Structures are given as structure tokens and as C-alpha cells.
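Report on the structure
Next come the chains, spelled out residue by residue.
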Amino acid sequence: MTEHRLAIGQAVEVVLHGYWQPSDSEALRAAVLRDWCDTLQDWKPDSVLAALRKWRNENPNKRPNPGHIVQMLKEAWGKKHVEQTRAALAAPVEPPKERISPERHAAILAEMGIRNPLAAKTIDPAE
């Protein structure tokens with residue numbers, strides 16, 4: 001077991017100690033700790049311990065499962081990184097476009113030899 005998983009396992013065992021049943025076998029406890037470590041291995045041990053303690057303080061009569069703790073960790077991560085996430089998802093801000101007058105618009109079109117497509121079409125009787 002890696003040092004990281006060992007730290008998570010110790011945090012889980014300490015906080016869940018009050019929930020263990022005296023009849024639980026050592027093999028069952030080891031399997032439960034492995035499951036917790038598998039679920040929580042992507043999180044820092046300090047964060048796991050903080051979430052476990054928060055759960056215990058907010059839910060003193062309810063035993064957590066790994067999903068409860070992961071949910072708390074994700075929520076805490078989201079709150080901590082909300083502005084960074086919003087900025088990453090936000091559309092890039094385009095610089096303001098230069099505005100030109102209708103007269104300058106017509107002059108540019110004339111310089112390019114383009115007739116203003118929005119001008120009213122006139123019918124030349126000679127045609």
C-alpha cells in the first residue's frame with residue numbers, strides 16, 4: 001500500500017472508529033478500508049480527513065459511505081475553484097469594433113467599386 005493510500009486509510013479508520021461494530025472481523029474492516037481507499041485515492045489525505053470530520057460533525061448519527069465523502073470533496077473543490085472554472089468556460093471577450101459613419105461606409109464601398117447593396121434600386125428608363 002502506498003504512503004498516500006495509507007494516510008487515507010488511517011484517516012478513514014480514525015473517523016469511522018465510532019461506527020465500527022464489535023462483531024466486524026478484521027478481514028471485513030480491511031476490505032472496507034480498501035474500498036474507501038480505492039474511492040478516495042484521487043484526493044489529498046488532508047482533504048479527505050477534513051471532509052470526514054465535517055461529515056461527522058454535521059451528521060453525528062449517520063455513518064458515511066465513500067460516495068458521501070467524494071460528494072463533499074467535489075462540492076468543496078467547486079466552491080474553491082468557481083471563479084477559475086467560470087473564466088475557463090466563459091466566451092472570450094472580443095475587443096469593441098470600430099464604428100464608422102454611414103458616409104464613410106459609402107466612401108469605402110465607392111473606393112472599392114462596390115455599389116451599396118442596401119441602396120434602393122433605381123430603374124434606368126434607358127435600359
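Above this text is the structure in question.
Every value quoted in this text rests on a predicted model; they were computed, and no experiment measured them. Residue indices begin from 1 for each chain and proceed along its sequence in written order. The predicted origin of the model limits local features to residues at a pLDDT of at least 70 and limits the giving and counting of side-chain atom pairs to 80 or more, whereas totals for whole chains, interfaces and linings rest on all residues. Side-chain numbers here rest on the full set of heavy atoms in the structure, without hydrogens or water.

**Some points on the packing of helix α1 (residues 3-16) against helix α2 (residues 26-40)**
Under the convention used in this document: Angles here are taken between N-to-C directions and fall from 0 to 180 degrees, while the axes themselves are lines fitted to C-alpha atoms, restricted in helices to the stretch in contact. Where helices and strands are cited, they refer to DSSP runs of H or I of at least four residues and of E of at least two residues respectively, numbered from the N terminus. The cut-offs work like this: below 35 degrees is roughly parallel, past 145 is roughly antiparallel, 65 to 115 is roughly perpendicular, and the gaps in between are oblique. When the near helix sits turned anticlockwise from the far one by under a right angle, the crossing is termed left-handed; a clockwise turn instead gives a right-handed crossing. By the convention used here, residues are in contact when the closest approach between their heavy atoms is within 4.5 Å. Three categories are distinguished: nonpolar for Ala, Val, Leu, Ile, Met, Phe, Trp, Tyr, Cys and Pro, charged for Asp, Glu, Lys and Arg, and polar for the others, with Gly belonging to the last.
Look at α1 against α2: their axes get within 9 Å of each other, and the N-to-C directions meet at 120°. Relative to α2, the element α1 lies oblique. Regarding α1 and α2, the two cross each other, and that crossing is right-handed. Mapping the contact onto sequence places Arg5, Ile8, Gly9, Val12, Glu13 and Leu16 in α1 and Leu33, Arg34, Trp36, Cys37, Asp38 and Leu40 in α2. Split into classes, the residues belonging to the contact of α1 with α2 amount to 7 nonpolar, 1 polar and 4 charged.

**Brief notes about the packing of helix α3 (residues 45-58) against helix α4 (residues 66-80)**
Axis angle and axis distance: for two packed helices, these are the angle between their axes and the distance between the axes, and together they describe the pair. For the pair α3 and α4, the least separation of the axes is 9 Å and the interaxial angle reads 110°. In this view, α3 runs roughly perpendicular relative to α4, as classed from their interaxial angle. With respect to the hand of their crossing, α3 and α4 are arranged in right-handed fashion. Contacts between α3 and α4 pair Ser47, Val48, Ala51, Leu52, Lys54 and Trp55 from the former with His68, Ile69, Met72 and Leu73 from the latter.

**Some details on α3**
Every α-helix winds through 3.6 residues per turn, so residues three or four apart in the chain are directed the same way. We apply this condition: Any helix carries an expected span of 1.5 Å times its number of residues minus one. Note on classification: 1.4 Å probe, protein chains only; a residue is buried when its accessible area is under 20% of the maximum for its type, exposed when over 50%, partly exposed between these limits. The reported arc concerns the directions from the helix axis to the C-beta atoms and nothing else.
End to end, α3 covers 20 Å across 14 residues, agreeing with the expected 20 Å (1.5 Å per residue, within 8%). Every buried residue belonging to α3 is among Val48, Ala51, Leu52 and Trp55, and all of these are buried. Within α3, the buried residues cover an arc of 100° as seen down the axis, which keeps them to one side. Pointing more than 90 degrees away from the buried face of α3 are the exposed residues Asp46 and Asn57. At its buried positions, α3 is contacted by α1, α2 and α4.

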